[in-house]
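Given next are the chains, with one letter for each unit.
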Amino acid sequence: MTIDAEMIEVVRREVGEALDELLSLTERFTNETIPAEAFVRDAFRVFHNTKGALRLGGFPEPERIAHAVEDQLAKMRLAGEAPPPHMIDLIEQAMCACVYAVEADGTHPELALVLKKLIGTGSEALAERSDDADRTLIENTVTRAEVVNSHNTIRIESERLDHLMDLGSEYLAQNSRLKRQGSRLRDFSERFSNLLKRHPQLRDILQGTFAEFELFVRQEERELRRVTQLTADFDGAMRAVRMQPLSGIVPQLRRTVNEAARDLNKKARLTTDFGEVELDREVLDALREPLTHLIRNAVDHGLEGDLERAEQQKNIRGEVRVEARVVGANVELIVSDDGRGIDLKKVRRRAEELGLVSEGGLESDSELVDKTLFFPGFSTARAVTNYSGRGVGLDVVRSRVSELGGTVSVQQRAAGEGIALTLSVPSSVVSLRGLSVLAGGSTYVIPSAHIERTLRVFANELGSAEGVTIMKSPDGQPIRLRWLSSEMQRPRVEDPALLQVVIVGEGSQRLGLVVEEVQGDTTYVIKRLPWNLRRVPGVIGATHQGDATLALVVDVLHLFRQQGAASTEHRLKVTPRTNKRRILVADDSLTSRTLERNILLEAGFDVEVQEDGRNALKALEASEFDLLVSDVQMPNMDGLQLTRAVRAHPKLGRLPIILVTSLDRPEDVNQGAEAGADEYIIKGQFDQEALLRAVNRLI
Amino acid sequence: MDLEDKRAKRARVLAERAQLLARRSGEEKDLGDQLEVVFCTVGSEVFAIPVEHLREIVLLPSITKVPSCPSWILGIAHIRGSLLSVIDLGQVCRAKGESHPEHVAVIHTPHGPLGLTVDSVLSSKMIALSKLTVPDDRSDRRASLGVTPDLAVLLDIHSLVSLPELVVE
């Protein structure tokens, strides 16, 4: 009989489940929730089934062990004896050995160890083989295996799949480029249309051609929407191909718990609840190491020894639990234990020793825990054990997870109830979500996982503490500011009166990143930096924008790691007022305000832009301006309201105001004049000269 | 008349080709000594890049600067599906004269592709390794196998790639 790999997988799963069941049986027996009789009966059944499965899977060595234990249990059952404690341990150890062996293709040193002990108990059945009951069992198992085999699955070399993914990612990037081209086309068409409105003589000549052009643009837009939808579907299908059930890593995690518990002389069990959660193959592989690390940590630091647990009237067998759930495009993995939890006093003491916090600092408990636990080299473990406590640990876990575009946070539970760590990772790496920003004249992408919000802050509302520039967050908390352009070693531009800030967070830590412009949400495919730039601080990779340009993806964790870097690089940069006149342009249309800004800049003015009346008023209050050029129709506060507010303002009252608008009915012009505007330029007649003439008249 | 010209030209070209082919087969025993190179200018110097290491030469792409990199690593670029670093060849090899890069020569290295900036691309040619002049003092000439009779610096790709300052860690 040839054993199909699929079949072996079934056997592995079955032996794994048998171990779970056995551990739960021994636990209930030691708790005295089930009588000895029931324990022996059920344990016998578990080993009997396992033996059958192992035989079917072609694992003779572990099969022998299972058979020997089954035999021992049969004897106890006949004699009506309760198993002695050392026997319970041996039974567990035997099943673990079987699990290791099937994981390792049939053999494992643990087997020999168990065998020796079993021979010591005088088992006679070590050489016995097959009986009728086994045959029935084999048949049953075969049926199960066939069910699995009958699924329509094919095996694909992972390289081929990767190649397909690469092509897919190029396709995705091309689509973003097409989308940008599409919006440029729309822009052109609008400009064209405006020109025709303004110049009636052109209208007569170009009307026909323009109508054709408009039709073309509309058709292209329809096509683009279709292609975008197709690309999104394709992306979804690609992701699905790469998905694997999370439950596949259970055996590995279980082995970790068992080994750690055995070596540390503790009792522990793993419980999992992964439901139907699936993860990208690459994410799943990359998570193995951080997960096993967290689990070892939980057994080593989290769980107390037997005595301590007994004293606290806890179940002697500690529990390490791993759960998974889908949250939007992310998967959250929660690793928890029911151990001693975090000793806040110890953590604070260690943090003070390491100089992470000042004595009697004001950090909240959660901030303190976050700052300290993830600090490279931090450890509260008394002794350096084989497993953890060497202080390489959580910080490494955090950077691994971050490389995947995910985050790690820690939740403290009530004293003595253990802790929980949450790993949040994107379920797919095919495309990630991020925010595209401009800093130092270049485009960067900040992974969405770390972004809390974006907001604008007035430069004159910033404070500083211990040489670090800080802002007040909307919830009143102080947040340190850093300039992305300085982080990326790009030239710093002068800061405007209203700064654009992206608040990024990791765990309970937060930072404000000052950027020049937020360009919007983006879907990106991350590429590793070339071979000679493996470790560039602050950068986790690059992504191409569809056209030939690349944007670097910001390593947000790196920013948190180099805390306290208080340099002049991260202070406001405002040069003293030049003798240039300053003009504020308020317009909600990007095209209009860019056009106006460029005209004014070219004419030698210093220009700042705002996209609505409310922000314009704030900017006027925050800084000095010589003139306001405002659109009439704007969200939040329109140009007329803005004009009235300025006129009524104690300090701004006499600021010259030019209203620029497409409203050209006489009553509109009158309204503008009544509100207090000095000039009224109609967009229909708008040209460079008209604006500059009006500006020069006023200042 | 025109036709005559064309015929004469074709005959000439064919004759030249025949000459070239004949010469090559005649020197077959020396092929181990021959190396095909592409001549490129960098600053006021000419560099010879072995064709066996060359993937392609492209017009200067858009280069994205990367923080923490020395000035000779100009940044990264996306060239036909691969992400690679672009190196200022003039600076790394200490070429004389001011370089105004217009092309990037993409070379294969054991680790992956690497881009080298060059000013202009001249021609490709077979050179004889035995005719290289190796200067006694090689301290100011890095990543070079020697100088060809027409004074081009033959680039040593292996030692170029193993220059420690090429790697940022």
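Given the structure is predicted, the values throughout are model-derived calculations rather than measurements.

Here we come to the overall build of chain B. Broken down by element type, chain B carries three helices and ten strands. When the helices and strands of chain B are listed from N to C terminus, the series reads α-β-β-β-β-β-α-β-β-β-β-β-α. Put simply, chain B has 169 residues, and 30% of those count as buried. Long-range contacts, defined here as pairs at least 24 residues apart, represent 57% of the contacts in chain B between residues at least 6 apart.

Let us look at the overall build of chain A. Counting its secondary structure elements, chain A contains 21 helices and 23 strands. Per-residue burial over chain A gives 38% buried out of 699 residues. Here the contacts in chain A between residues at least 6 apart in sequence split such that 68% fall between residues at least 24 apart.

On to the pairing of strand β17 (residues 539-544) of chain A, then. Residues and elements named next belong to chain A. Within β17, six of the six residues are buried, leaving the element largely enclosed by the surrounding structure. Judged from the five bridges that link them, β17 and strand β18 (residues 550-554) form a sheet pairing that is antiparallel. When the sheet's bridge partners are listed, A542 is paired in β18 with L552.

Residue and element names in this part refer to chain A. An ideal rise of 1.5 Å per residue puts 27 Å on 19 residues; helix α4 (residues 85-103) measures up with 27 Å between its terminal C-alpha atoms. Of the residues making up α4, those classed as buried are I91, E92, A94, M95, C96, A97, C98, V99, Y100, A101 and V102. Just past α4, the residue D105 takes up positive phi, approximately 60 degrees.

Further remarks concern the sheet that holds strand β7 (residues 112-118) of chain B. Residue and element names in this part refer to chain B. Judged by pairing direction, the sheet is mixed, and its five strands sit side by side in the order β3-β6-β7-β5-β4 without closing on themselves. Each end of this open sheet is capped by a strand with a single partner; those strands are β3 (54-59) and β4 (73-79). Between one strand axis and the next, the sheet turns by 30 degrees as a mean value, whatever way the strands run. Pairing between β4 and strand β5 (residues 82-87): six bridges, direction antiparallel. Across the sheet, residue I73 finds its bridge partner in β5, namely I87.

For the rest of this paragraph, the subject is unusual backbone geometry. Unusually for a residue other than glycine, Q313 of chain A sits at a positive phi of about 55 degrees. Tracing the chain through its elements places Q313 of chain A in the loop between α11 (306-311) and β4 (318-327). Positioned with a positive phi, S68 of chain B is a non-glycine residue whose angle comes to about 60 degrees. By secondary structure assignment, the location of S68 of chain B is in the loop between β3 and β4. Here S68 of chain B falls in the partly exposed class, since 15 other C-beta atoms lie within 10 Å of it.

This paragraph deals with the environment of G467 of chain A. Residues and elements named next belong to chain A. Residue placement: G467 occurs in the loop between β11 (463-465) and β12 (468-472). Owing to 12 C-beta atoms within 10 Å, G467 belongs among the exposed residues under this scheme. As a C-alpha pair, G467 and H570 span 103 residues in sequence and 9.3 Å in three-dimensional space.

Before going further, it helps to examine the interface of chain B and chain A. Taken together, the 19 residues of chain B in the interface contact 22 residues of chain A. Elements with a contribution of two residues or more to the side of chain B that touches chain A: β4 and β5 of chain B. With three residues, the single largest contributor to the side of chain B that touches chain A is β5 of chain B. For the side of chain B that touches chain A, the class distribution of residues is nine nonpolar, eight polar and two charged.

The predicted model of chain B has a mean per-residue pLDDT of 84, with 87% of residues at 70 or higher. Counting contacts from residues 25-29 of chain B, a segment whose pLDDT is below 50, to residues more than four positions away or on other chains yields zero contacts.

Residue and element names in this part refer to chain A. Here S424 lies in strand β7 (residues 419-426). Note: C-alpha distance between S424 and V331 (93 residues apart in sequence) is 5.7 Å. Other than its neighbours up to four places away in sequence, S424 contacts N330, E332, G406, T407 and A449.

Residues and elements named next belong to chain A. Where helix α19 (residues 639-648) is concerned, the buried positions are G639, L640, L642, T643 and V646. Around the axis of α19, the buried residues are gathered within 160 degrees of arc, so they sit on the same side. Looking at the buried residues of α19, the elements they touch are β19 (582-586), α18 (613-622), β21 (627-631), β22 (657-661) and α20 (666-675).

This part is about the packing of helix α7 (residues 158-198) of chain A against helix α8 (residues 200-242) of chain A. Residues and elements named next belong to chain A. Packing of α7 against α8 leaves a shortest axis separation of 9 Å and a crossing angle of 160 degrees. Relative to α8, α7 is oriented roughly antiparallel. For α7 against α8, the interelement crossing comes out left-handed.

All names here are of chain A. Strands sit in the order β20-β19-β21-β22-β23 across an open sheet of five strands; the sheet is parallel. Edge positions in the open sheet fall to β20 (606-610) and β23 (679-682), since each of these has one partner strand only. Averaged over neighbouring strand pairs, the angle between their axes works out to 20 degrees when direction is ignored. Sheet analysis places β19 next to β20, joined by five bridges and oriented parallel. Looking at β20, one finds that I583 is bridged to V607. Across the sheet, helix α17 (residues 590-602) touches β19, β20 and β21, and the angle it forms with β20 is around 170 degrees. Of the strands in this sheet, β19, β20 and β21 are in contact with α18, which crosses β19 at around 165 degrees.

In terms of nonpolar packing, the biggest core is built from 112 residues, with L628 of chain A together with F47 of chain B touching the most fellow members. If you count residues domain by domain, this core takes at least three from each of domain 3 (432-570) and domain 4 (582-698) of chain A. Not counting residues up to four positions away in its chain, the partners in contact with L628 of chain A are L584, A586, L620, V646, L655 and I657 of chain A.

Calculation criteria
- Residues numbered from 1 in each chain as written.
- Chains lettered and ligands numbered in written order.
- Predicted model: local features only at pLDDT ≥ 70, side-chain atom pairs only at ≥ 80, totals over all residues.
- Helix = DSSP H or I, 4+ residues; strand = E, 2+ residues; numbered from the N terminus.
- Buried ≥ 20, exposed ≤ 12 C-beta atoms within 10 Å, placed from the backbone.
- Contact = placed C-beta atoms within 7 Å.
- Pairing = 2+ DSSP bridges.
- Expected span 1.5 Å × (residues − 1).
- Axes fitted to C-alpha atoms, helices over the stretch in contact; angles between N-to-C directions.
- Nonpolar A, V, L, I, M, F, W, Y, C, P; charged D, E, K, R; others polar.
- pLDDT = per-residue confidence, 0-100.
- Arc of directions from axis to C-beta.
- Parallel < 35°, antiparallel > 145°, perpendicular 65-115°, else oblique.
- Left-handed = near helix turned anticlockwise from the far one by under 90°.
- Core = buried A, V, L, I, M, F, W, Y, C linked by C-beta atoms within 7 Å.
- Domains from an automatic or database assignment.

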